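Chain residues, written in single-letter form:
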Amino acid sequence: MDAAMNLYEQFEPRNDCYFFRIGAQGQICCHGRNYTIKKRMTAEQAEALTRDALFVRISSDCYVNVAKITYLTDNAVYFGDGPALNHMLPVPKRKQHLIRQGISQLQGLPISV
């Protein structure tokens with residue numbers, strides 16, 4: 001239980017989270033390698049997180065961390081390591097351009113259309 005408390009207390013969404021969803025009243029639900037952490041954040045903290053260049057909005061309440069994307073297909077984003085990828089998140093095709101743009105900006109590469 002101490003390890004779980006350490007994870008919760010030291011959790012940094014920008015570095016640890018694959019994607020997050022925004023809930024009611026400032027609750028953020030972050031999905032990581034093998035955990036889901038729910039945290040309450042102030043409006044300013046939540047706004048800073050959603051405006052962070054690492055996170056791309058794919059639906060009204062869901063943001064993906066482009067630095068943690070392992071694989072991108074025509075209809076999904078995969079996170080994790082190795083052949084057994086940990087998480088899969090369906091992504092509409094119209095949002096994939098934004099994800100590719102975020103990845104290109106992260107890598108400092110020009111955006112190919």
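The structure this text deals with has already been given above.
Summary of the structure given here. (Residues numbered from 1 in each chain as written. Predicted model: local features only at pLDDT ≥ 70, side-chain atom pairs only at ≥ 80, totals over all residues. Heavy atoms only, no water.)

**A word on the pattern of salt bridges**
Piece 1. Counted according to the given criterion, the structure contains two salt bridges.
Piece 2. The salt bridge involving Arg-14 is made with Asp-52; its shortest N-O contact spans 2.6 Å. Here Asp-52 lies in the loop between helix H3 (43-51) and strand S4 (55-57) and Arg-14 lies in helix H2 (residues 13-16), a separation of 38 residues in the sequence.
Piece 3. On the accessibility criterion, Arg-14 (38% relative accessible area) is partly exposed.
Piece 4. By relative accessible area, which is 15% here, Asp-52 ends up buried.
Piece 5. The salt bridge partner of Glu-47 is Arg-51, with a shortest N-O separation of 3.0 Å. Residue Glu-47 and its partner Arg-51 are both found in helix H3; the two are separated by four residues, about one turn of the helix.
Piece 6. On the accessibility criterion, Glu-47 (43% relative accessible area) is partly exposed. (Salt bridge = Lys/Arg side-chain N within 4 Å of Asp/Glu carboxyl O. Helix = DSSP H or I, 4+ residues; strand = E, 2+ residues; numbered from the N terminus. Buried < 20%, exposed > 50% of the residue type's maximum accessible area, 1.4 Å probe, protein only.)

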